[in-house]
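Architecture at a glance
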Amino acid sequence: QVQLVESGGGLVQAGDSLRLSCVVSGRAFSRYAMAWFRRAPGKDREFVARTRDADSYYGDSVKGRFTISRDNAKNTVYLQMNSLKAEDTAVYYCAAADGLGWRFSYEYNYWGQGTQVTVSS
């Protein structure tokens, strides 16, 4: 089984920064496309960021503020979040895809349990 465990969430004020981490089990991490999604109460899951090979892609709402990165030696993917806004409040989920993996939830095979990010204004 492939397991993903997120960490790094918390309560911050608008304008602050957080870095989320996601540790992935198994030996195939370097072959996965990795992504972050988020979901606020009463809303659909929203694509945040994705990394695969040399490519990174971001949702429009976070572009210029968030950065995704990965350390294949540590089986870990990160999401650096700067200039946080109240509308960034959500549960953030890490996801892995065996295939290409783009911006849609159905493209990802494995999911973590999520970590809560709350931004006060």
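Structural data are supplied above this passage.
An account of the accompanying structure is given in this report. (Residues numbered from 1 in each chain as written. Predicted model: local features only at pLDDT ≥ 70, side-chain atom pairs only at ≥ 80, totals over all residues. Heavy atoms only, no water.)

**Digging into the pattern of salt bridges**
Here is the rule: Throughout this description, the term salt bridge denotes a Lys or Arg side-chain nitrogen within 4 Å of a carboxyl oxygen of Asp or Glu. Each residue gets one of three labels from its accessible area relative to the maximum for its type: buried under 20%, exposed over 50%, partly exposed in between, using a 1.4 Å probe on protein chains only. Secondary structure follows DSSP: runs of H or I at least 4 residues long count as helices, runs of E at least 2 residues long count as strands, and numbering of each begins at the N terminus.
Within the structure shown, the criterion is met by five salt bridges. A salt bridge links Arg-38 to Glu-46, with the shortest nitrogen-to-oxygen separation between them at 2.9 Å. Its relative accessible area of 5% is what places Arg-38 among the buried residues. For Glu-46, a relative accessible area of 31% translates into the label partly exposed. Between Arg-38 and Asp-88 there is a salt bridge whose closest N-O contact spans 2.9 Å. One end of the pair, Arg-38, is in strand β4 (residues 33–39); the other, Asp-88, is in the loop between β8 (76–81) and β9 (90–97), and 50 residues separate them in sequence. The burial state of Arg-38 is the same as that of Asp-88; both residues are buried. Taken together, the shared-partner salt bridges connect Arg-38, Glu-46, Arg-65 and Asp-88 into one network.

**Quick word on the side chain of Thr-76**
Stated precisely, the cut-off is as follows: Here a polar contact means two N or O atoms within 3.5 Å. Within protein one must be a hydrogen donor candidate and the other an acceptor candidate, and residues neighboring in sequence count only if both atoms are side-chain atoms. Residue contacts are counted whenever heavy atoms from the two residues lie within 4.5 Å of one another.
Mapping Thr-76 onto the fold places it in strand β8. A polar contact of 2.8 Å, which involves the side chain of Thr-76, links it to the backbone oxygen of Lys-74. Those residues in contact with Thr-76, other than ones at most four positions away along the chain, are Ser-21, Cys-22, Val-23, Phe-29, Ser-69, Arg-70 and Asp-71.

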